[in-house]
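A structural walkthrough
Read off the chains here:
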Amino acid sequence: LQIDLSSDVGLLEMIKSNPVIDRSLSPDGHWSFQYRPKFVIKNKMELLQNIARVKNGILEDDIKKCYPGIEFDIMSLIIGGDIIASKNKEKQCLVLYPRGDRFFSKLSGTVTATPGQQCIVT
């Protein structure tokens, strides 16, 4: 963006001390800044691998800017049963968990499951 921060020293120091921003000093003495995401994910396969690796769950907010279309991939993994998602009440966002081993439970009668609902009706 080529923004000159030399006139606002306070803002420059805040940016330099921010733990999610990488900084580098060029040979001509100018600072360059870049956002450092918590996760580097480039596609659906890497998304699934990262969720499988982090057993205690990944906040959707922490990964939703990793690549274009990630939100669609997250929903397709949830609907496909590849991952489990629950809503974090404090942060008001989804937490994505690895599916783990699959198992089947025999249910009597007709079963109705509505997407987005927490209950299954028999």
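Residues numbered from 1 in each chain as written. Predicted model: local features only at pLDDT ≥ 70, side-chain atom pairs only at ≥ 80, totals over all residues. Heavy atoms only, no water.

Another aspect to go through is the pattern of salt bridges. Pairing between side chains of opposite charge can happen when the charged atoms of each approach one another. For the coordinates displayed, the defined rule picks out three salt bridges. Among the salt bridges present, the one from lysine 38 reaches aspartate 62, with a minimum N-O distance of 3.4 Å. Highlighted residues: lysine 38 in the loop between β2 (31-35) and α2 (44-53) and aspartate 62 in helix α3 (residues 60-63), separated in sequence by 24 residues. Here aspartate 61 and lysine 64 are joined by a salt bridge, their closest N and O atoms 3.3 Å apart. (Salt bridge = Lys/Arg side-chain N within 4 Å of Asp/Glu carboxyl O. Helix = DSSP H or I, 4+ residues; strand = E, 2+ residues; numbered from the N terminus.)

Moving on to the pairing of strand β1 (residues 21-25). The pairing of β1 with β2 spans five bridges and is classified as antiparallel. By the bridge assignment, isoleucine 21 is partnered in β2 with tyrosine 35. Counted between consecutive antiparallel strands, the loop separating β1 from β2 contains five residues, among which glycine 29 sits at a positive phi close to 90 degrees. (Pairing = 2+ DSSP bridges.)

Turning our eyes to something else, we now look at the side chain of asparagine 50. Mapped onto the elements, asparagine 50 comes out in helix α2. Those residues in contact with asparagine 50, other than ones at most four positions away along the chain, are Phe39, Val40, Ile41 and Ile58. (Contact = heavy atoms within 4.5 Å.)

We now examine unusual backbone geometry. In terms of backbone geometry, most residues other than glycine have negative phi values and most peptide bonds are trans. At glutamine 92, a position not held by glycine, the phi torsion is positive, near 55 degrees. Inspection of the secondary structure puts glutamine 92 in the loop between β4 (83-88) and β5 (93-98). Overall, the relative accessible area of 52% leaves glutamine 92 in the exposed class. (Buried < 20%, exposed > 50% of the residue type's maximum accessible area, 1.4 Å probe, protein only.)

Taking strand neighbours across the sheet as the criterion, the three strands line up as β3-β5-β4 in an open arrangement whose pairing is antiparallel. One side of each edge strand has no neighbouring strand; the edge strands of this open sheet are β3 (58-59) and β4. Strand direction decides the pairing type here: β3 and β5, joined by two bridges, are antiparallel. In the strand pairing of β5, isoleucine 58 is matched with leucine 96. Together, β3, β4 and β5 form the strand contacts of α2, whose direction differs from that of β5 by roughly 80 degrees. Packed onto the sheet, helix α4 (residues 70-79) meets β4 and β5 and runs at close to 110 degrees relative to β4. (Axes fitted to C-alpha atoms, helices over the stretch in contact; angles between N-to-C directions.)

Let's shift gears to the environment of phenylalanine 39. If you trace the backbone, phenylalanine 39 turns up in the loop between β2 and α2. What makes phenylalanine 39 buried here is its relative accessible area of 14%. As a C-alpha pair, phenylalanine 39 and phenylalanine 104 span 65 residues in sequence and 33 Å in three-dimensional space.

Keep in mind that these numbers describe shape and distance, not what the molecule does.
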